Amino acid sequence: MIPTERASNRSADPVRLNVQAHLSVQQTANTPLRTVLHEDAFNSMLYLERRRSERAQKRFVLARIDLRKSFDGHRKDHELTAVFAALSEVTRETDIVGWYLDRKIIGVIGTELGAASNQLVEQKLVSKFREAFEKTIGRGRSAGVSVSFHFFPEEFREGNEDNSPNITLYPELQKKEDTRKFALSVKRSIDVLGSAAALTVLSPVLALIVLAIKITSKGPVLFKQERLGQYGKPFTVLKFRSMRTDCDSRIHEQYVSQFIAGKVDGKAANGDVAAPVFKLQKDPRITPVGRFLRKTSLDELPQFLNVLRGDMSLVGPRPPIAYEFRAYDVWHRRRVLEIKPGITGLWQVEGRSRTCFDDMVRLDLRYARTWSIWLDLRILLRTPAAVILGDGAH
């Protein structure tokens, strides 16, 4: 019996992307050769299937077959060839078979799942895989082979505490980080030095803000809120409190859900039409001091502490709240995967609150795709002007 792990398993194995030769497996009867993809090619196909699913809204499943406990003998190559031949017999021609992790984890991508439930898909695939492995290596050794299933798009329900995307479905991100190791270390150095310098230089301003909040309203000076960082990892973001302490977050949750869905028309009370904004305007929960802090972005200053701790960077996408993430369309979710969140970014200097949500996400993804140290420096240099002008701030 092949043990199975549910798709909710978030553990990710370290990914090495080494180029290996393709392996062609002869199919039975008059069917053509099946090609077993090497690691780079298989993970490229996984990337393309994700993008296709984002557009077509059709599910697929990634089955990872972990061989590491059962294949370590001198007959490994011969047995692996037999295993792939058996898998070719029990999978469809349209399924994609290859190395998810070279010579350690086999990947099978099953598309066109139709209306079948995740549980039914798992049961059918487990039965087929069990047949293939018992046929080639016997029942005893097949018990050491484990299979995990990962469905895309992922389902995130209200009340689910785990909002993190399944990083197993994004193996190319590890490769990207590996090629950027030096540049990312430079980025981290800039973050530490820049945030420490900002907290030191702005300490008189911080003290004045603390005093103003204390004098004008009851409650703590800092507002703490759980946000999602890179890969959906939760952390506590820090801001100067700009609202009363007896506030209900549902008003913001409802507004943001409508905004993400494109249902905010931007019409003002006087009938004028303006671009819809991401932040709720004329929010009755905000204090007079808080309104000034938000307009000038001074409420964000404590986030330099988040940068020092490594939760955030100086430059990057804004970290979402869990209920925002649950309202995302499938392709929106990539903004919490591609790069670490930041205090400022392309959205802040090019669109800020005037940009519709889809355009905001496109700016975040463009930043992640074209990221460099020089791009960070240009954004940092443009940020003070955006803050001073306050264009689009709410």
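None of the values given here were measured: they were computed from a predicted structure.

Reading the values: the criteria
- Residues numbered from 1 in each chain as written.
- Predicted model: local features only at pLDDT ≥ 70, side-chain atom pairs only at ≥ 80, totals over all residues.
- Heavy atoms only, no water.
- Helix = DSSP H or I, 4+ residues; strand = E, 2+ residues; numbered from the N terminus.
- Buried < 20%, exposed > 50% of the residue type's maximum accessible area, 1.4 Å probe, protein only.
- Areas by Shrake-Rupley, 256 points an atom, 1.4 Å probe, with all protein chains shown as cover.
- Salt bridge = Lys/Arg side-chain N within 4 Å of Asp/Glu carboxyl O.
- Contact = heavy atoms within 4.5 Å.
- Expected span 1.5 Å × (residues − 1).
- Bend = angle between axes of the 7 residues up to and from the residue.
- Core = buried A, V, L, I, M, F, W, Y, C linked by side-chain atoms within 4.5 Å.
- Phe/Tyr/Trp six-rings, centres within 6.5 Å; stacked < 30°, edge-to-face > 60°.
- Pairing = 2+ DSSP bridges.
- Patch = residues over 30% accessible without salt bridge, like charges linked within 9 Å, V, L, I, M, F, W, Y side chains within 5 Å.
- Polar contact = N/O pair within 3.5 Å; in protein donor to acceptor, adjacent residues only side chain to side chain.
- Axes fitted to C-alpha atoms, helices over the stretch in contact; angles between N-to-C directions.
- Parallel < 35°, antiparallel > 145°, perpendicular 65-115°, else oblique.
- Nonpolar A, V, L, I, M, F, W, Y, C, P; charged D, E, K, R; others polar.

### Quick word on the overall build of the protein chain
Then, number 1: Each helix and strand in the protein chain was counted, giving 13 helices and eleven strands.
Then, number 2: In the protein chain, which comprises 394 residues, the proportion classed as buried is 49%.
Then, number 3: As displayed, the protein chain offers around 19,800 Å² of accessible surface, 56% of which is attributable to carbon and sulfur atoms.

### A short note on the pattern of salt bridges
Then, number 1: This structure, assessed with the given rule, holds 20 salt bridges.
Then, number 2: Of the charged contacts, one joins K239 and D299 as a salt bridge, the two residues approaching to 3.6 Å between their closest N and O atoms. Here K239, found in strand 9 (residues 234–240), pairs with D299, found in the loop between helix 8 (288–295) and helix 9 (303–309); they are 60 residues apart in sequence, far enough to count as distant. For the residue pair K239 and D299, the accessibility class agrees, reading buried in each case.
Then, number 3: Of the charged contacts in the structure, one is a salt bridge between E300 and R318, with a shortest N-O distance of 3.1 Å. Residue E300 is found in the loop between helix 8 and helix 9, and its partner R318 is found in the loop between strand 10 (313–315) and helix 10 (322–327); the two are separated by 18 residues along the sequence.
Then, number 4: Connected through shared salt-bridge partners, R51, E54, K176, R334 and E338 make up one network.

### Considering unusual backbone geometry
Then, number 1: Following F152, the chain continues to P153 via a peptide bond in cis, the omega torsion being 0°.
Then, number 2: Relative to the elements of secondary structure, P153 occurs in the loop between strand 7 (146–152) and helix 4 (172–179).
Then, number 3: Positive phi, normally seen in glycine, also occurs at R103, with a value near 60°.
Then, number 4: Residue placement: R103 occurs in the loop between strand 5 (96–101) and strand 6 (105–110).
Then, number 5: A relative accessible area of 34% means that R103 is categorised as partly exposed.
Then, number 6: The backbone of Y231 sits at a positive phi, close to 65°, despite the residue not being glycine.
Then, number 7: Take Y231: it is sitting in the loop between strand 8 (222–228) and strand 9.
Then, number 8: Under the relative-accessibility criterion, Y231 is labelled partly exposed at 26%.

### A look at the side chain of S70
Then, number 1: Following the sequence through the fold, S70 ends up in the loop between strand 4 (60–66) and helix 2 (76–90).
Then, number 2: Look past the residues within four positions of S70 in its chain and what remains in contact with it is R141, G144 and V145.

### Overview of helix 13 (residues 373–389)
Then, number 1: Helix length check: helix 13, at 17 residues, gives a terminal C-alpha distance of 25 Å against a target of 24 Å (1.5 Å per residue), a fit within 8%.
Then, number 2: Where helix 13 bends most, at R382, the angle is about 30°, and the proline P384 comes one to four residues later.
Then, number 3: For helix 13, the complete set of buried residues consists of I373, L375, D376, I379, T383 and A386.

### Structural notes on the nonpolar core
Then, number 1: Membership of the largest hydrophobic core comes to 59 residues, with the highest contact counts inside it found for F240 and Y367.
Then, number 2: Ranked by the residues each element gives to this core, the list is headed by helix 12 (residues 357–370), at seven residues.

### Comments concerning the packing of aromatic side chains
Then, number 1: The tally for this structure, following the rule as stated, stands at four aromatic pairs.
Then, number 2: Arranged with centres 5.3 Å apart and planes meeting at 85°, the rings of F84 and W99 form a pair that is edge-to-face. With F84 in helix 2 and W99 in strand 5, this residue pair connects regions lying 15 residues apart in the sequence.
Then, number 3: On the basis of relative accessible area, F84 is assigned to the buried category, the value being 1%.

### Remarks on the pairing of strand 9
Then, number 1: Within strand 9, five of the seven residues are buried, which leaves it mostly tucked inside the rest of the structure.
Then, number 2: Examined bridge by bridge, strand 8 and strand 9 share seven bridges and lie antiparallel to one another. Bridging from a neighbouring strand, F223 pairs with K239 of strand 9.
Then, number 3: In this antiparallel pair of consecutive strands, strand 8 and strand 9, the connection spans five residues, and Y231 shows a positive phi of 65°.

### Some details on a nonpolar patch on the surface
Then, number 1: On the surface, V192, L305 and L308 cluster together into a nonpolar patch covering about 190 Å² of accessible area.
Then, number 2: In this fold, L308 is placed in helix 9.
Then, number 3: For L308, a relative accessible area of 32% translates into the label partly exposed.

### Examining the side chain of D364
Then, number 1: Among the structural elements, D364 can be located in helix 12.
Then, number 2: Within the structure, the side chain of D364 is placed 2.8 Å from the side chain of R335, a separation counted as a polar contact.

### Details of the packing of helix 5 (residues 181–201) against helix 6 (residues 203–216)
Then, number 1: Close contact between helix 5 and helix 6 brings their axes to 4 Å; oriented N to C, the two are set at 60°. One finds that helix 5 runs oblique with respect to helix 6. Across from L199, T200 and V201 in helix 5, the residues of helix 6 making contact are S203, P204 and L206.
Then, number 2: Its residues placed into classes, the contact of helix 5 with helix 6 shows four nonpolar, two polar and no charged.

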